[in-house]
Amino acid sequence: MTTRAYAATSPTTPLGPMSIARREPLPSDVEIDILFCGVCHSDLHFARNEWGMTNFPVVPGHEILGRVTRVGSDVTKFKVGDIAAVGCLVDSCRTCDHCLAHTEQFCKNGAVFSYNGPDKHSGGMTFGGYSERVVCDQAYTLKVPANLDPARAAPLLCAGITTYSPLRKWGAGKGKKVGIIGLGGLGHMGVKLAHAMGAHTVLFTTSEGKVADGKRLGADEVVISKDPAAMAKHASSFDMILDTVSADHDINAYLALLKLDGSMVIVGVPPSPQPLRAFSLISPRRNLAGSLIGGIAETQEMLDFCGKHNLACDIELIAMSQINEAYERMLKSDVKYRFVIDMATLKR
Ligand code: NAP
Ligand code: ZN
Ligand code: ZN
């Protein structure tokens, strides 16, 4: 099926309209008319080939939510008219031990990501959610709680799961002091989720203008990370710190705030390597780890958790044609706190 989309054709060209092909639904496929697609900083990294792994043209977008328009003959999970969502993963081998343990994002035979991944069906690359429709196997398609506003729920598919998964794994909850670095798309969900899990939540921000919002979103304390005295007050006190920063920054300054056996988990991906001082880890003994989105079952668990706690993203709704401007604002940390594309604006 010919499908309207928005694509980048080179690292330096602005995104613009392009036609792509979507497969006809196979027996286990769900066809979704996309209503909303969140704008993740990874979309920008990919569009500009900042990680050196982009195949052009690329259609970004992995925070996809829409209405089911067709289902294959074997589909039991969805019916026409349902709201359905697709996140960062659209397929994996389903047989390796990582897939069997519900960590498909680490599939040993290669997880298939929603864009710039090898499409098993077309033989080309997968295309993401900056498009009018998507076709996805029901096993990788998510259910969205009915009480959540669809536009505000879309970014949960990446920003939500990428923060939920490490917060759960590293035990954020009552009695724990948890730091979130950066109040952007990921960070603002990290603050909301850590607060909802019962942790004493501290936001680190470089933006003085975000202090009040940080508190409103659930932070018990907000620290301006550029202020060494404010940082020093928290020395060796955190159980866990989640780093969502997309640009170069000094990770040693945050490692110094972990207590004995505390962990810093990196989810942000600055384009260049970040220097690490050995002393930051060895005294007192500390852990440095990373995390990548989450598996499908955990993504559904996160959506259900958000439904139960009535949590969704704070968004700025944009038209598809505003995407290049939105990328520029994202680079200036000027997003409150996730851009979401109203996909009806692509169809007009
Ligand atoms: P975003 O909305 O642009 O937020 C990034 C935030 O980082 C900014 O709002 C800003 O917060 C802070 N920041 C920016 N420049 C900084 C600097 N020089 N020093 C310190 N802080 C700075 O981006 P996002 O969509 O949340 O994504 C964040 C990163 O996570 C990206 O690199 C993205 O590719 C990556 N990511 C990883 C995964 C994963 O699975 N691991 C999944 C999705 C995204 P303040 O204004 O509060 O300082
Ligand atoms: Zn993302
Ligand atoms: Zn696998």
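Structure report, in brief. (Residues numbered from 1 in each chain as written. Chains lettered and ligands numbered in written order. Predicted model: local features only at pLDDT ≥ 70, side-chain atom pairs only at ≥ 80, totals over all residues. Heavy atoms only, no water.)

Observations regarding the packing of helix α4 (residues 159-169) against helix α10 (residues 296-309)
Then, in step 1: Two elements in contact, α4 and α10, have axes whose closest approach is 10 Å; the angle formed by their N-to-C orientations is 95°. The orientation of α4 with respect to α10, classified from their angle, is roughly perpendicular. Together, G160, I161, Y164, S165 and R168 of α4 and E298, T299, E301, M302 and F305 of α10 make up the contact between the two elements.
Then, in step 2: Split by residue class, the contact of α4 with α10 holds four nonpolar, three polar and three charged. (Axes fitted to C-alpha atoms, helices over the stretch in contact; angles between N-to-C directions. Helix = DSSP H or I, 4+ residues; strand = E, 2+ residues; numbered from the N terminus. Parallel < 35°, antiparallel > 145°, perpendicular 65-115°, else oblique. Contact = heavy atoms within 4.5 Å. Nonpolar A, V, L, I, M, F, W, Y, C, P; charged D, E, K, R; others polar.)

Some points on the site of ligand 1
Then, in step 1: Lining the immediate surroundings of ligand 1 are 31 residues, of which T205, T206, S207, K210 and R338 lie closest.
Then, in step 2: Within the backbone of L183, an N or O atom sits 2.7 Å from an oxygen atom of ligand 1.
Then, in step 3: Contact between ligand 1 and V269: an oxygen atom at 3.0 Å from a main-chain N or O atom of the residue.
Then, in step 4: When isolated, ligand 1 has an accessible area of 910 Å², and the protein chains bury 91% of it. (Near = heavy atom within 4 Å. Polar contact = N/O pair within 3.5 Å; in protein donor to acceptor, adjacent residues only side chain to side chain. Areas by Shrake-Rupley, 256 points an atom, 1.4 Å probe, with all protein chains shown as cover.)

Side note on helix α5 (residues 185-196)
Then, in step 1: The end-to-end C-alpha distance of α5, which contains twelve residues, comes to 17 Å, matching closely the 16 Å that a straight helix rising 1.5 Å per residue would cover.
Then, in step 2: Burial of α5 is extensive: ten of the twelve residues sit out of reach of the surface.
Then, in step 3: If you check which residues of α5 are buried, you get G185, L186, G187, H188, M189, G190, V191, K192, L193 and A194. (Expected span 1.5 Å × (residues − 1). Buried < 20%, exposed > 50% of the residue type's maximum accessible area, 1.4 Å probe, protein only.)

Examining the nonpolar core
Then, in step 1: If you look at the biggest cluster of nonpolar residues, it comprises 92 residues, and the most contacted ones within it are V39, Y130, L156, L167, L193, I323 and Y327.
Then, in step 2: Looking at which element gives the most residues to this core, the answer is strand β3 (residues 29-39), with six residues.
Then, in step 3: Here this core gathers at least three residues from each of two domains, domain 1 (2-158 + 313-347) and domain 2 (160-290).
Then, in step 4: With residues up to four places along the chain from it excluded, the contact list for I323 reads Y6, L15, V39, Y130, I318 and I341.
Then, in step 5: Core analysis: the next-biggest nonpolar cluster, separate from the first, contains 15 residues, F204, Y254, L257 and L258 among them. (Core = buried A, V, L, I, M, F, W, Y, C linked by side-chain atoms within 4.5 Å. Domains from an automatic or database assignment.)

Structural notes on the pairing of strand β17 (residues 338-342)
Then, in step 1: In terms of residue burial, β17 counts as a mostly covered element, since four of its five residues are buried.
Then, in step 2: Here β3 pairs with β17 via four bridges, running antiparallel. For G38, the partnering residue across the bridge sits in β17 and is V340.
Then, in step 3: A crossover links strand β16 (residues 315-319) with its parallel partner β17, the connecting element being helix α11 (residues 323-331), and its sense is right-handed. (Pairing = 2+ DSSP bridges. Right-handed = clockwise from strand over helix to strand, strands pointing away.)

Observations regarding the coordination of the zinc ion (ligand 2)
Then, in step 1: Taken together, C40 (SG), H62 (NE2) and C158 (SG) make up the protein donors of the zinc ion (ligand 2), found 2.0 to 2.2 Å from the metal.
Then, in step 2: Spacing between the donor residues of the zinc ion (ligand 2) along their common chain follows C-x21-H-x95-C. Residue C40 is located in the loop between β3 and α1 (41-47), and its partner C158 is located in the loop between α3 (150-153) and α4; the two are separated by 118 residues in the primary sequence. Both residues of the pair, C40 and C158, count as buried. (Donors = N, O, S within 2.8 Å, 3.2 Å for Na, K, Ca; no water.)

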